[in-house]
Structure formats: structure tokens, C-alpha cells
Amino acid sequence: MTAAAIDAVARGHGLWANPSSPHAEGRAARAALEGARRAIADAYGWRGETILTSGASESLAIALGRTTAPRRLITAVEHDAVMRAAGDARVIPVTADGIVDVQALAAMLGDGPAMVCVQWANSETGVRQPIATIADVVHGAGGTLLVDAAQMPATPELAGIADMVAVSAHKRGGPPGIGALLVRDLALLHPSGGQERGYRPGTENLLGALGYAAALAEPEPDHAALRARLDDAIQRSGGEIVAADSPRHPAIGSYRLRGSAAAAQLILLDSAGFAVSAGSACSSGSMKPSHVLGAMGWDEGAGREVIRVSFGRTTGAAEVDAFVAAWRQMARTTRRAA
């Protein structure tokens, strides 16, 4: 969390009331909540509705579960949260580089309008999708576009091309447990009653919203040079970069150390002070085979030798160099074992 987010959460404890309460304290809490909602929307250049949620996973579940679209299409490399919420959705294939097969998408939309869910930057590989091109195809067929932008910086780029956007605070230096679903038009969703314009039950997370709004006001670090430095060092150490030739998120990368199980790499790196992840999705506790790598044509054995690395807000050259030293030690150990 950024210092500004921590401070905003701490100050928010003075607003103890339920924002739905009609008394003065409740009205003060409501005013603070709505101010945070506007700040979050403004950071994304959003002029539609902003439904506050517990995070991107809940946002995606609301969008996919309550869409008024007659069909749902998801890409083969979506986050596990989408796979769980999508039910009988049809799956759009991707290329070996992890990019959505736009021709296949267009053919699938030929069967009629649908909601199409696309993760802008993949949470495992960092591969970025050509969202503007995808939006043209989806809207040209009368469909709606849901973008999972949890991994991406706050940007107004999506405001003119997406119908719904799922975002998450803790990916942007905000507190965990808060996110939002940005919706162009609430007519795209079936309401269910309760809070948040009737789309979510329970008491609003006022402290989380205040922290999220404060974090979004902070500048986003640019890790492109550091990621390039890491890529180069890993390649020279005998490692393999997943989707090396694809457009990728500057703070996310997946790497294979041939002959070394990802679980063993995770343990060794963890003992050296680096928290990496392996397997499906982006949880270091998730070790099941990656459906993302499978969709890109990787066999299960090779996929089990891949780890995911992401940079924190304060990651610098010293941390990258220390990680590279630990990686090279693993590579030497693997070569000796072979």
C-alpha cells in the first residue's frame, strides 16, 4: 500500500457509521464514500456507473453472472475467477504468443451478439491483448466488451471502448478487499437488490474505498527498464521467457528454468527472500497446472517449470540484481544435477 492509502484508511476510522444510515454520522460516511467513488471513476476517466466491490474477482462475477447479453465468450487465458464465473461460456482460442485469435473471435460472434470477456494484461505471463482491435470486432457484431484491467495502471484508454471494466485496489497500491466494476450503462446488468445501486449486498467498504481513491492519486512506477534487465539476465543464464515476442506488462513476467520444477524454484527463491508464484492464476499457493500455458501450446511438463515474477511499487535495480543472483544459483544447481 502507498503511504497515502495507509493514511486515508487510518483517517477513515473516524467515520464509524454505516453509509446507509440516515443520521448525521451516516450522512457524513455516505458523503465520504461517494467522494471516493467519484475519485476512483475519475482516475479511469469513467463517466458511467461505478459499482464498488471486494475486488476484481467479484466484479467479474457480477458482470458475467448478471449480464443481459444472450451469450458469453471468454478467452482461453482468462483468470481463474472468470473460469469459475463464466459457466457455459464459449472459449476463444489464443495464438502460441498468448494473443487472442481475432479471426476466431469474429467467427464466433457471427452466431449472434455476446458479452466478450478479455483480460487486458495476463496475470501470469503479462501478455497484453490488442483491446482496441478486439473492441472493434465485438461492437461491430453488436456485442458488449468486459475488460479485466486489474493488472493495468489506471488509464482513461478504456473509457471510450469498453462496456464494463473490472479493477482492483491492491494491484494499484491500495488496500486489499476493494475494487470496482465500471459499467457504461446499468441496463447491461440484471439487478439483484441490496447496496451499490442494487447490484451488491452488504455494507459498503468505506475504508477500502478511501484507500483506493488515495492510491490512485499517486504516480504509477514504470518498470519497463527493470523488466528488460531481468529478461536479459535470465536469458543469458539459460532461462526461457514466456511469450518473449508479445507485448507484455512491464511489471509481470513468466520464466522457465528447464529441468527445475517450479515448486522447487518457489521454495528456493522464497528462502532467498523473493515471493514468486507458480501454477494457475497468480496465487503463490496455487500449484495446479496453468491453463494459460496450456492454451498457448505448452505441455504440462514444461509448464510445471515456469514461475511468475512481478515487481512491487518499490522494486528497484538492487532487488532485480539480487533476484538474478538467486536465479543464477538455481540454474547452476540444476545444471549440476542434470
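Residues numbered from 1 in each chain as written. Predicted model: local features only at pLDDT ≥ 70, side-chain atom pairs only at ≥ 80, totals over all residues. Heavy atoms only, no water.

Peer 1: Just to check I follow, could you spell out the overall build of the protein chain for this structure?
Peer 2: On a plain count of helices and strands, the protein chain comes out with 12 helices and 11 strands. Taking 338 residues into account, the globule formula puts the C-alpha radius of gyration at 20 Å, and the protein chain, at 21 Å, falls close to it. If one aligns the C-alpha atoms of the protein chain with their principal axes, the spans along those axes are about 70 × 50 × 30 Å. Burial statistics for the protein chain: of 338 residues in total, 52% are counted as buried. Residue pairs at least 24 apart in sequence account for 68% of intrachain contacts in the protein chain once pairs closer than 6 positions are excluded. Summed over its atoms, the accessible surface of the protein chain is roughly 14000 Å², and 54% of this surface lies on carbon and sulfur atoms. Averaging the locations of the 31 positively and 33 negatively charged side chains of the protein chain gives two centres separated by 3 Å. (Helix = DSSP H or I, 4+ residues; strand = E, 2+ residues; numbered from the N terminus. Rg over C-alpha atoms; globule rule 2.2 N^0.38 Å. Buried < 20%, exposed > 50% of the residue type's maximum accessible area, 1.4 Å probe, protein only. Contact = heavy atoms within 4.5 Å. Areas by Shrake-Rupley, 256 points an atom, 1.4 Å probe, with all protein chains shown as cover. Lys, Arg positive; Asp, Glu negative; His and termini not counted. Charge placed at Lys NZ, Arg CZ, Asp CG, Glu CD.)

Peer 1: Honestly, the pattern of salt bridges in this entry has me stumped. Any pointers?
Peer 2: One pass over the full model with this rule turns up 20 salt bridges. The salt bridge partner of Arg90 is Asp111, with a shortest N-O separation of 3.0 Å. Note that Arg90 is positioned in strand S3 (residues 90-92) and Asp111 in the loop between helix H5 (102-109) and strand S4 (115-119), a separation of 21 residues in sequence. With a relative accessible area of 57%, Asp111 lands in the exposed category. (Salt bridge = Lys/Arg side-chain N within 4 Å of Asp/Glu carboxyl O.)

Peer 1: I'm lost on the packing of aromatic side chains in this one. Help?
Peer 2: Geometrically, a pair of aromatic rings is defined through the distance of the ring centres and the angle of the planes. This structure, assessed with the given rule, holds 2 aromatic pairs. Ring geometry for Tyr255 versus Trp327: centroids 6.5 Å apart, planes at 70°, classification edge-to-face. Pair noted here: Tyr255 is in strand S9 (residues 252-256) and Trp327 is in helix H12 (residues 317-337), with a separation of 72 residues, a long-range link. Just as Tyr255 is buried, Trp327 falls in that class too. Ring plane angle 90° and centroid distance 5.3 Å describe the contact between Phe274 and Phe323, whose orientation is recorded as edge-to-face. Of this pair, Phe274 sits in the loop between helix H9 (262-271) and strand S10 (277-278) while Phe323 sits in helix H12, placing them 49 residues apart in sequence. Across the pair, exposure class does not vary: Phe274 and Phe323 are buried alike. (Phe/Tyr/Trp six-rings, centres within 6.5 Å; stacked < 30°, edge-to-face > 60°.)

Peer 1: Where do I start with the sheet that holds strand S5 (residues 144-148) in this structure?
Peer 2: The strands making up a sheet are joined through hydrogen bonds of the backbone, oriented either antiparallel or parallel. Spatially, 7 strands are ordered S1-S7-S6-S5-S4-S2-S3 in an open sheet, and the strand pairing comes out mixed. Two strands close off the open sheet at either side, each with one partner strand: strand S1 (49-53) and S3. Pairwise comparison of adjacent strand axes, ignoring direction, gives a mean angle of 20° for this sheet. Packing of H5 onto the sheet brings it into contact with strand S2 (72-75), S3 and S4, and relative to S3 it is tilted by some 150°. (Pairing = 2+ DSSP bridges. Axes fitted to C-alpha atoms, helices over the stretch in contact; angles between N-to-C directions.)

Peer 1: What is the right way to read the side chain of Glu204 from this model?
Peer 2: Within the secondary structure layout, Glu204 lies in the loop between strand S7 (179-183) and helix H7 (206-216). In this structure Glu204 comes out as buried when scored by relative accessible area, which is 8%. Polar contacts involving the side chain of Glu204 include one to the side chain of Arg30, which spans 2.9 Å. Excluding residues within four positions of it along the chain, Glu204 makes contact with Asn18, Pro19, Ser20, Arg30, Leu33, Gln195 and Glu196. (Polar contact = N/O pair within 3.5 Å; in protein donor to acceptor, adjacent residues only side chain to side chain.)

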